[in-house]
Amino acid sequence: MASSDPNKLMAKADKLTKLSLTRWSADWKSATQLYEQAAIGYRVAKNHEKAKIAFEKASKGQEMLSSPWDAAKHMESAAALAKEVGNWTEVADFYKRASELYMVCSRPQPASDALAKGARALEDAVPDEAIQLYTEACSILEEDDKEQMAFDLYRAATCVYIKLEKYTDAATFLLRWGLAADKCSATNSQCKAYLSAIIVYLYAHDFKQAEKCYNDCSQIDVFLRNDHGRCASKLLSAYSEGDIEEIKRLGQSSTISNLDHVIIRLARKLPTGEVCALKTEAAEEQEEPLDENDLT
Amino acid sequence: MSVIDILTRVDAICKKYDKYDVEKQKDLNVAGDDAFARLYAAIEADLESALQKAESASKEKNKASAVALNAEVRRTKARLLEEVPKLQRLAVKKVKGLSGEELAARNDLVLALPDRIQAIPDGSAPAAKQSGGWAASASRTEIKFDSDGRFDDEYFQQTEESSGFRQEFEMRKIKQDQGLDVISEGLDTLKNMASDMNEELDRQVPLMDEIDTKVDKAAADLKNTNVRLKDTVNQLRSSRNFCIDIILLCIILGIAAYLYNVLKK
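Residues numbered from 1 in each chain as written. Chains lettered and ligands numbered in written order. Predicted model: local features only at pLDDT ≥ 70, side-chain atom pairs only at ≥ 80, totals over all residues. Heavy atoms only, no water.

### A few points about the UniProt feature "coiled-coil region" (unreviewed entry) in chain B
Here the UniProt feature "coiled-coil region" (unreviewed entry) sits at residues 40-67 of chain B. Here residues 40-67 of chain B runs as 89% helix and 0% strand, with 28 Å between its end C-alpha atoms. (UniProt positions renumbered as here; feature names shortened; annotations may be inferred. Helix = DSSP H or I, 4+ residues; strand = E, 2+ residues; numbered from the N terminus.)

### Topic: the interface of chain A and chain B
With 14 residues of chain A in contact, the opposing surface of chain B contributes 10 residues. Counting the contacts that link chain A with chain B gives three salt bridges. A salt bridge links Asp227 of chain A to Lys191 of chain B; the nearest nitrogen and oxygen atoms lie 3.5 Å apart. Taken together, the connections running from chain A to chain B amount to nine residue pairs in polar contact (both at pLDDT 80 or more). Broken down by secondary-structure element, the contributors of at least two residues to the side of chain A that touches chain B are helix H8 (147-163) and helix H10 (187-203) of chain A. When the residues that make up the side of chain A that touches chain B are grouped by side-chain class, the tally is three nonpolar, seven polar and four charged. (Contact = heavy atoms within 4.5 Å. Salt bridge = Lys/Arg side-chain N within 4 Å of Asp/Glu carboxyl O. Polar contact = N/O pair within 3.5 Å; in protein donor to acceptor, adjacent residues only side chain to side chain. Nonpolar A, V, L, I, M, F, W, Y, C, P; charged D, E, K, R; others polar.)

### Re unusual backbone geometry
All names here are of chain A. The backbone of Lys46 shows a phi angle near 60 degrees, a positive value even though the residue is not glycine. A residue is classified by how much of its surface remains accessible, and Lys46, at 61% relative accessible area, is exposed. The backbone of Ser185 sits at a positive phi, close to 45 degrees, despite the residue not being glycine. Tracing the backbone through its elements, the reader meets Ser185 in the loop between helix H9 (167-183) and H10. (Buried < 20%, exposed > 50% of the residue type's maximum accessible area, 1.4 Å probe, protein only.)

### Topic: the pattern of salt bridges
Residues and elements named next belong to chain A. Counted by the stated rule, this structure contains 24 salt bridges over all chains. A salt bridge links Lys96 to Glu129, with the shortest nitrogen-to-oxygen separation between them at 3.4 Å. Placement of the pair is Lys96 in helix H5 (residues 88-104) and Glu129 in helix H7 (residues 127-143), with a sequence separation of 33 residues. The partly exposed category is assigned to Lys96, whose relative accessible area is 25%. Three or more residues joined by partner-sharing salt bridges are found here, namely Glu49, Lys52 and Glu90.

Put into structure tokens, the structure is as follows:
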């Protein structure tokens, strides 16, 4: 009984919307209602494919009735069902459409929420798409001056980047996070973001970048004076001296243990074996000028 | 009190008051011109007093006073040892009225003096005891400690008690350090949590403001609606309508009853 009714409702609703000789304008109101009922029926029957289609059509109906809010809500439900089905492109599309509809209602918060949900759904399957969605969500919030809400999104995006082992991207994103934190004067998060960025650079064996990053961040007073800044400088000096024990000790310290757990994992693995190489590199650079002096 | 005790005490008192013994002084004064003899006599007297002090120190029950007496004895010994070279120089000088044999004898006496001085017991027993690391400073000759560099003395010995105390002190210090480390880590965690809470609260303040305005609006709407509803219900319930309703109802019932009666017949 549960499956037949939604089918019938769908058929009726389709008939109402299809334009033909007898019908000059589609009756969206009743059609939408029927579509909604059918969709709910399908969902209860765990018929995800059909439920998704029903929600799609219901959303279109709501759009026609110029209620973008309901349309967006239906789109979200459709997207959730698409996730169950496993149709990732549709998931992304639906969530994006839902977010657009929310923006039409001039409600940026739910818009970014929709994108965030989409990104979370796509994290495992299509991580690149997920990152794009996260970035869009963050920009929406930033435009609206609501950076505080964006912190969770930044965190999630950073996790995805690190899972993909795209360390430079991760570090760049962390710096963006730091910028957002700066705008809303969330100094603790800001310093944590900068320290995480430095750790990510070090993990990627990019010592020069890490140093540059540290120099850039030291322009900011708060970071310089903060615990995190001191930890960063100690880490960099330990690296330049090739002191593996010191690096390991710093990795265990409480400053680092307060960061995000993904970053903690990186930090614990930090002396990634190339510390001695860095030391000899630095030593070589120093020797060259001496040679020049000898020649003259 | 035995006889021996009495005798010893009498001897001590006599020695003490020897200076008032005119005859003895006369003997001593014979050597008045002789600087050597004078010095020698002085040294002898000091030696005697030192010996006495050493004896009383060894008999002392109270460790602190024993230690003090020993220290004094050592000081005296050091002073006497210093004077010995002076005495030696004087011994070589020729003094009128002195035979060559006596001169030689004097020399021997002087030579014997250091040994006698050293022999005075000052509590430094030769038994093997811990020296507590003081031995190193014995090599410095410019810095003179009272004890002459002999630091294996009872005064500096670590008894079981004191070494036990020292160990316990070290252990307690280590435990305190560990405890303080734990506390500092806990404080770090607290600080981090507190700043996170701070940021979270900052984040929620504008949200609360929004909620505030929205709820105010909703409350105003609700009040409005309530008032209107009250008016409507009052209108409906006004007594005139009510009476009319009842009368009409009675009429209808009457008609129904009449019809019923008619039909039944």
